[in-house]
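Okay, here's what each chain looks like letter by letter:
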Amino acid sequence: MFKKLITLFLTIALVFCTWTPAFAADQSNSTSRNNLVTAAADSHTSATDSSQKAEAEKKETEETQAETENNTTDKDAADSETDQEGSDFDDPDADKADREDNDHKDDEEKKESTDKKTTQSQTKKTSKYQKGLASYIRSVNPSLSKSWSLTLAGYFISAGKKYNLDPTVLMAIAQRESTFRASAKSPYGYKGIMQTSDLLARTYGYKPSSLFNAKVSIDVGARYLSTIKKKFKTYTKALSGYIYGPGAVSKGKYSAVHANKLLKTSREIKAYLKKHGYVS
């Protein structure tokens, strides 16, 4: 009996020893499986988290880009609207400057129109007056052509305006001195239509030979007469000084006869212009 118990005990012990490693192995295998499952789960969870995180980051990036694009679009629209508003905005200073420019242009146009009308009116009067003087010149010297007489008349008018002299007085001198001939030359060395000296020509900056140019001769003679008239004030003394010299007039050694004849010729020219309708 005792042997049976020992045998049973040993059998149980043997069975127990054999079962325990199996149980431990099973337990170890179970633990390993559990660890693998946990690791797999963790890996899956990590992958899932990474995927979700990536998707979240991607979504956030897309939202950021979309927001940036919207902001850019809104900014462009705002800039465009601002530009449009700026283009439509009326700057008071700019408007004022534009108005001033327009007013200035209008004033210039009005002035130009007025000047043009005045010039046309003066040209019309001068042209008629010039034709009258030219007609008188041809009446004194018929050998002169119409065109040349018109040119001479223009020279007398221009010199009269330049030196504040009566053109008919200058014409009276030319009629007396040369009968309106530009090539006239006296035995005493006086030259041209106004019969002035070489010294006088040089004094006024001309060559003596240029005195045969009618325009130069009339300019020199008119300038000389103007200088004398400023000194003696009257045409009588000025014309006497032209003929006798200013020194003789200053000393009283002159005759007013020739000056008076020149003034009479001036009056005859004016009467001729009125008679033939060149002046009213």
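All values derive from a computational prediction rather than experimental measurement.

Undergrad: Would you take a moment to explain the packing of aromatic side chains for this structure?
TA: Going through the model one piece at a time under the given rule, you end up with three aromatic pairs. Plain terms: the ring middles of Phe156 and Phe180 are 6.2 Å apart, the flat faces sit at 80° to each other, and that makes the pair edge-to-face. Taken as a pair, Phe156 in helix α3 (residues 146-163) and Phe180 in the loop between α4 (167-178) and α5 (198-203) lie far apart in primary sequence, 24 residues in all. Given the relative accessible area of 0%, Phe156 is considered buried. Each ring, one from Tyr224 and one from Tyr242, has its centre 5.6 Å from the other, and the planes form 50°; the classification is tilted.

Undergrad: I'm lost on the packing of α3 against helix α6 (residues 214-232) in this one. Help?
TA: Packed helix pairs are specified by the crossing angle of their axes together with the interaxial distance, meaning the distance between the axes. Taken N-terminus to C-terminus, the directions of α3 and α6 make an angle of 30°; their axes are 10 Å apart at the nearest point. By the angle between their directions, the pair α3 and α6 is classed as roughly parallel. In the packing of α3 onto α6, the handedness of the crossing is right-handed. Between α3, through Trp148, Leu152, Tyr155, Phe156, Ala159, Lys162 and Tyr163, and α6, the contact on the second element is made entirely by Ala214, Lys215, Ile218, Asp219, Ala222, Arg223 and Ser226. Of the residues belonging to the contact of α3 with α6, the class tally is nine nonpolar, one polar and four charged.

Undergrad: Help me understand the nonpolar core in this model?
TA: General note: in soluble globular proteins, nonpolar side chains tend to be found buried as a group. By size, the foremost hydrophobic cluster in this structure holds 45 residues, and its most contacted members are Phe156, Phe180, Met194 and Leu225. Elements that contribute at least two residues to this core include exactly α2 (92-140), α3, α4, α5, α6, α7 (235-244) and α9 (257-275). With nine residues, α6 is the single largest residue contributor to this core. Ignoring sequence-local partners within four residues, the contact set of Met194 consists of Phe156, Leu170, Ile173, Ala174, Glu177, Ser217, Ile218, Gly221 and Tyr242.

Here is what the cut-offs are and how they apply
- Residues numbered from 1 in each chain as written.
- Predicted model: local features only at pLDDT ≥ 70, side-chain atom pairs only at ≥ 80, totals over all residues.
- Heavy atoms only, no water.
- Phe/Tyr/Trp six-rings, centres within 6.5 Å; stacked < 30°, edge-to-face > 60°.
- Helix = DSSP H or I, 4+ residues; strand = E, 2+ residues; numbered from the N terminus.
- Buried < 20%, exposed > 50% of the residue type's maximum accessible area, 1.4 Å probe, protein only.
- Axes fitted to C-alpha atoms, helices over the stretch in contact; angles between N-to-C directions.
- Parallel < 35°, antiparallel > 145°, perpendicular 65-115°, else oblique.
- Left-handed = near helix turned anticlockwise from the far one by under 90°.
- Contact = heavy atoms within 4.5 Å.
- Nonpolar A, V, L, I, M, F, W, Y, C, P; charged D, E, K, R; others polar.
- Core = buried A, V, L, I, M, F, W, Y, C linked by side-chain atoms within 4.5 Å.

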